[in-house]
2 protein chains.
Amino acid sequence: MNPTKVYGGIDLGGTTINIGLITQDGEIVAEKRCASKVEDGVDHVLDQIILIIRDLIAPAGKQFSLQVLGIGTAGNVNIEKGILIEATNFPNWHNIPIGMELEKRLHIPVFVDNDANVAAIGEHAYGAGRGVSEMLMVTLGTGVGGGLILRGKIYRGSNGVAGEFGHTVIQQNGPICGCGRNGCVEAFIGTRGIIQNVRTRLESGRKSLLNKIESEKMTPKDISEAAQKGDTVAIEVFRDVGSYLGIALGNVANLLNIERVVVSGGVAKAGEFILKSAREYLSRTALKIPGETIQVHLSTLGDRAGMVGAARLAMLEGDPK
Amino acid sequence: MNPTKVYGGIDLGGTTINIGLITQDGEIVAEKRCASKVEDGVDHVLDQIILIIRDLIAPAGKQFSLQVLGIGTAGNVNIEKGILIEATNFPNWHNIPIGMELEKRLHIPVFVDNDANVAAIGEHAYGAGRGVSEMLMVTLGTGVGGGLILRGKIYRGSNGVAGEFGHTVIQQNGPICGCGRNGCVEAFIGTRGIIQNVRTRLESGRKSLLNKIESEKMTPKDISEAAQKGDTVAIEVFRDVGSYLGIALGNVANLLNIERVVVSGGVAKAGEFILKSAREYLSRTALKIPGETIQVHLSTLGDRAGMVGAARLAMLEGDPK
């Protein structure tokens with residue numbers, strides 16, 4: 001029996017590594033996730049990745065032929081050279097030639113890109129962006145990331161850093177953002193901005209389930225759970241998040257006339273609480289034609305988008321016909 | 001002698017029509033401009049265009065072989081069908097199949113696009129955008145238009161209406177824009193916003209050369225002349241214009257990581273008064289890498305950008321190899 005051709009994808013995050021094998025059709029035939037333990041150093045993490053991949057490609061009774069490998073990583077990436085330049089959650093990792101290192105050990109081509117780009121590639125090929133040519137992927141989390149599919153292909157811009165949707169300024173002199181600027185959309189809808197929004201409401205004396213949680217320990221998950229229980233503070237905060245997201249998406253609609261926005265990430269679990277108001281403000285901000293065209297969907301691949309997208313990236317780059 | 005191959009371009013505006021012939025290298029070999037007189041009706045305007053083109057292609061002692069014709073027009077355009085859907089400055093023109101009409105009479109292929117797109121194509125091929133792959137054209141006037149070159153080609157989006165840079169919201173609940181929304185960049189830096197800015201300063205009792213001009217009759221040209229004479233009100237207003245333009249460009253830089261912005265239009269004549277502060281605010285708004293990459297230039301084709309770009313559009317579409 002001929003071994004099944006598969007494409008490997010790695011989603012390398014600050015806390016978790018997702019590794020999987022997919023077929024040409026995007027079916028996940030094997031996957032494993034583990035803690036990333038970046039503090040143990042690059043070599044340790046790479047050793048662990050290699051071990052898992054060897055394990056995945058030769059399960060009992062089956063055989064997979066691994067063609068190429070893709071990696072999506074947090075942080076700044078030199079895509080051409082496959083170098084992880086730096087990442088906030090990887091404190092001592094600087095200029096790591098992660099692509100070359102894995103190529104040397106695995107003897108297959110390896111392609112590296114940032115996490116939002118591979119998530120966009122994954123959702124576009126096999127998820128909530130299937131069949132559209134123009135798409136924006138928005139990843140909601142501590143930061144707010146973005147990846148653009150334009151004319152059916154990932155769009156990287158002049159230096160490979162396009163897609164920084166989170167740093168769209170929507171309010172001059174607005175609240176300070178993690179990037180040091182003021183009024184970025186991330187300052188409003190990144191985790192910090194969301195928690196701050198809750199805090200402001202609680203400090204004004206509002207009743208809320210969230211009063212029970214120490215504000216330093218509060219997470220978007222807590223707010224999401226409160227919203228699901230009908231907590232008005234939580235619901236209002238998510239409505240706010242949606243409004244800022246909607247305005248920023250309206251600007252993208254006007255500039256790029258895209259068909260689809262796919263939203264993923266931790267906060268996206270608050271789903272319709274956010275998306276309802278996002279759609280409302282998007283439609284207020286967008287002009288008629290781009291506003292009627294653009295649709296906002298939740299991710300369907302969820303936290304597998306990066307892994308699947310990394311494998312798809314490798315499939316496209318390694319076999320570009 | 002073989003006739004020289006030429007490509008025709010028409011810039012159809014609310015007040016003026018520019019018609020010209022260019023060679024493959026972008027050299028203008030003949031051109032003529034006339035009043036558009038849209039109130040005389042479509043047939044009259046088309047007759048006039050045909051007359052001028054016949055005149056231009058057969059001057060005394062020379063002969064040009066017209067290959068294809070491009071038209072850039074104000075308003076909404078159905079690019080595929082060559083239909084001018086509607087335009088603010090063409091009151092009784094609705095759904096005019098302008099491309100087909102001219103094809104019938106001239107027996108050559110005719111391509112239609114909107115004015116900002118053809119200006120982008122023109123500046124990219126032969127003007128201030130030469131040699132770059134990722135570019136935004138910004139046209140400053142009554143409205144603020146935009147045209148995007150991405151991966152070296154005009155980017156039109158899903159319905160052909162991409163590029164609406166003027167309707168980037170940069171201030172929630174900001175001043176009302178001509179599009180009916182609030183806080184669009186056009187509300188600040190379109191002609192109306194600029195005049196309003198002057199008026200507010202004059203009403204507060206400021207001394208200015210502009211006090212001599214009735215505010216209903218004031219034009220950006222008046223403000224530009226005052227600025228050149230050192231008038232502080234005029235200079236401050238242009239600095240404001242630059243700041244809003246800069247913030248909106250910073251957002252584009254972050255999202256698209258483009259290399260070049262080309263600015264044209266009436267207000268662009270105020271040149272460095274605007275561009276200096278635009279660059280300053282752009283660099284404050286943009287992230288490090290996209291901010292270091294993006295450059296803002298004034299148009300070099302000036303009011304010929306549309307005509308030259310329309311001819312170039314026809315050259316590209318009519319002979320796409």
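Let me sum up the structure you'll find in this document. (Residues numbered from 1 in each chain as written. Chains lettered and ligands numbered in written order. Predicted model: local features only at pLDDT ≥ 70, side-chain atom pairs only at ≥ 80, totals over all residues. Heavy atoms only, no water.)

Quick notes on the nonpolar core
Inclusion rule: Side-chain atoms within 4.5 Å link the members of a nonpolar core, which is a set of buried Ala, Val, Leu, Ile, Met, Phe, Trp, Tyr and Cys residues. Three exposure classes are used, based on accessible area relative to the maximum for each residue type with a 1.4 Å probe and protein chains only: buried under 20%, partly exposed in between, and exposed over 50%. Any two residues having at least one pair of non-hydrogen atoms within 4.5 Å are treated as being in contact.
Ranked by size, the top nonpolar core spans 104 residues in total, and within it F165(A), L256(A), F165(B) and L256(B) carry the most contacts. Look past the residues within four positions of F165(B) in its chain and what remains in contact with it is L255(A), L136(B), V138(B), V144(B), G146(B), V185(B), L245(B), A248(B), L249(B) and V252(B).

So, the environment of I49(A)
Residues and elements named next belong to chain A. Definition in use: Secondary structure elements follow DSSP: runs of H or I no shorter than four residues count as helices, runs of E no shorter than two count as strands, and numbering proceeds from the N terminus.
Mapped onto the elements, I49 comes out in helix 1 (residues 42–57). Residue classification places I49 among the buried residues on the basis of a relative accessible area of 2%. Counting along the chain gives 15 residues from I49 to C34, while the straight-line C-alpha distance between them is 9.3 Å. Apart from residues no more than four positions distant in its own chain, I49 is found in contact with I10, I17, I19 and L102.

With respect to the interface of chain A and chain B
Applicable threshold: Buried area: the accessible surface (1.4 Å probe) lost by two parts on joining, summed over both. Think of a salt bridge as a Lys or Arg side-chain nitrogen and an Asp or Glu carboxyl oxygen that are within 4 Å of each other. Pairs of N or O atoms within 3.5 Å make up the polar contacts considered here, provided that, within protein, one atom can donate a hydrogen while the other can accept it, and that residues adjacent in sequence are counted only when both atoms are side-chain atoms.
Counting residues at the interface gives 43 residues for chain A and 43 residues for chain B. Both faces combined, the contact of chain A with chain B buries some 3600 Å², and carbon together with sulfur accounts for 55% of it. Between the two partners, chain A and chain B, sit zero salt bridges. There are 34 residue pairs in polar contact (both at pLDDT 80 or more) connecting chain A and chain B. Only strand 9 (144–150), strand 10 (153–155), helix 7 (232–256), helix 8 (271–285) and helix 9 (288–293) of chain A provide two or more residues apiece to the side of chain A that touches chain B. A total of seven residues in the side of chain A that touches chain B trace back to one element, the largest contributor, which is helix 7 of chain A.

Things to note about the packing of helix 6 (residues 220–228) of chain B against helix 7 (residues 232–256) of chain B
Residues and elements named next belong to chain B. The cut-off we apply is this: Lines fitted to C-alpha atoms define the axes, with helix axes restricted to the stretch in contact, and inter-axis angles between N-to-C directions lie between 0 and 180 degrees. Note: crossing handedness is left-handed where the near helix turns anticlockwise from the far helix by less than a right angle, and right-handed where it turns clockwise. Think of it as three bins: nonpolar holds Ala, Val, Leu, Ile, Met, Phe, Trp, Tyr, Cys and Pro, charged holds Asp, Glu, Lys and Arg, and polar takes everything else, Gly as well.
Where helix 6 contacts helix 7, the axes come no closer than 7 Å and their chain directions differ by 115°. In this structure, helix 6 meets helix 7 at a crossing whose hand is left-handed. Note on element contacts: helix 7 touches helix 6 through A234, I235 and F238, opposite P220, I223, S224, A226 and A227. A breakdown of the residues in the contact of helix 6 with helix 7 according to their chemical character gives seven nonpolar, one polar and no charged.

A look at the sheet that holds strand 3 (residues 28–35) of chain B
Residues and elements named next belong to chain B. Stated precisely, the cut-off is as follows: Here the rule is simple: two strands pair whenever DSSP picks up at least two bridges between them.
In space, the five strands of this open sheet follow the order 3-2-1-4-7, with mixed pairing throughout. Single-partner strands in this sheet number two, and they are strand 3 and strand 7 (110–114). The sheet shows a mean angle of 20° between the axes of neighbouring strands, direction not considered. Of the pairings in the sheet, the one linking strand 2 (residues 16–22) to strand 3 comprises seven bridges and is antiparallel in character. Bridge pairing in strand 3 links I17 to C34. Relative to the sheet, helix 1 (residues 42–57) contacts strand 1 (4–12), strand 2, strand 3 and strand 4 (64–73), its axis offset from that of strand 2 by approximately 30°.

Let's talk about the pattern of salt bridges
Scanning the model with the defined rule gives 28 salt bridges over all chains in all. Note that D303(B) and R33(B) form a salt bridge whose closest N and O atoms lie 3.1 Å from each other. Residue D303(B) is located in the loop between strand 12 (295–298) and helix 10 (305–318), and its partner R33(B) is located in strand 3; the two are separated by 270 residues in the primary sequence. Take R33(B): its relative accessible area is 39%, and that puts it in the partly exposed class. D43(B) serves as the salt-bridge partner of R105(B), at 3.7 Å between the closest nitrogen and oxygen. Taken together, the residues span a long stretch of sequence, with R105(B) in helix 2 (residues 98–106) and D43(B) in helix 1 at a distance of 62 residues. For D43(B), a relative accessible area of 51% translates into the label exposed. Several salt bridges converge on common partners, so that one network encompasses R201(A), R206(A), E236(A) and D240(A).

Overview of the packing of aromatic side chains
Rules: Note on ring pairs: Phe, Tyr and Trp rings are taken, using the six-membered ring of Trp, and paired if centres are within 6.5 Å. Classes follow the plane angle, with under 30 degrees stacked, over 60 edge-to-face and the rest tilted. In our convention, an over-ring charge means Lys NZ or Arg CZ found within 6 Å of a ring centre and within 35 degrees of that ring's normal.
Enumeration over the complete set of coordinates arrives at six aromatic pairs over all chains. Measuring from ring centre to ring centre gives 5.2 Å for F90(A) and W93(A), while their planes differ by 70°; the resulting arrangement is edge-to-face. Above the plane of the ring of Y281(B) lies R284(B), whose end atom (NZ or CZ) is 4.3 Å from the centre.

Focus on the relation of the copies chain A and chain B
The test is simple: Only residues with pLDDT of at least 70 in both copies contribute their C-alpha atoms to the least-squares superposition of the copies.
Once chain A has been moved 0.0 Å along the axis and rotated by 180°, it coincides with chain B to within an RMSD of 0.0 Å. Such a combination of turn and shift is consistent with a two-fold rotation axis. An overlap of 100% is found between the interface residues of chain A and their copies at the interface of chain B, pointing to a shared contact surface.

Here we look at the pairing of strand 11 (residues 260–265) of chain B
Residues and elements named next belong to chain B. Among the six residues in strand 11, five count as buried, and that is most of the element. With six bridges connecting them, strand 8 (residues 135–140) and strand 11 associate as parallel partners. Within strand 11, the position partnered with L140 by the bridge is G265. For strand 11 and strand 12, the ladder comprises four bridges, and the chain directions are parallel. When the bridges of strand 12 are listed, V262 appears paired with H297.

Side note on the pairing of strand 4 (residues 64–73) of chain A
Residues and elements named next belong to chain A. Among the 10 residues in strand 4, eight count as buried, and that is most of the element. In this sheet, strand 4 lies alongside strand 1 (residues 4–12) in parallel orientation, the contact comprising eight bridges. Bridged to L12 within strand 4 is T73. Bridge analysis of strand 4 against strand 7 (residues 110–114) gives five bridges, and the strand direction is parallel. Bridge pairing in strand 7 places L69 opposite V110.

Description of the sheet that holds strand 12 of chain B
All names here are of chain B. Pairing in this open sheet of five strands is mixed, and the strands run 10-9-8-11-12 from one edge to the other. One side of each edge strand has no neighbouring strand; the edge strands of this open sheet are strand 10 (153–155) and strand 12. Taking the axes of each pair of neighbouring strands and ignoring which way they run, one obtains an average angle of 25° across the sheet. Docked against the sheet, helix 3 (residues 115–126) engages strand 8, strand 9 (144–150), strand 10 and strand 11, running at close to 50° with respect to strand 9. The sheet contacts of helix 7 involve strand 8, strand 9, strand 11 and strand 12, and relative to strand 8 the element is tilted by about 160°.

Some points on unusual backbone geometry
With phi around 50°, N95(A) is a residue other than glycine that occupies positive phi space. Within the secondary structure, N95(A) sits in the loop between strand 6 (83–86) and helix 2 (98–106).

The values reported here are purely geometric and, on their own, carry no functional implication.
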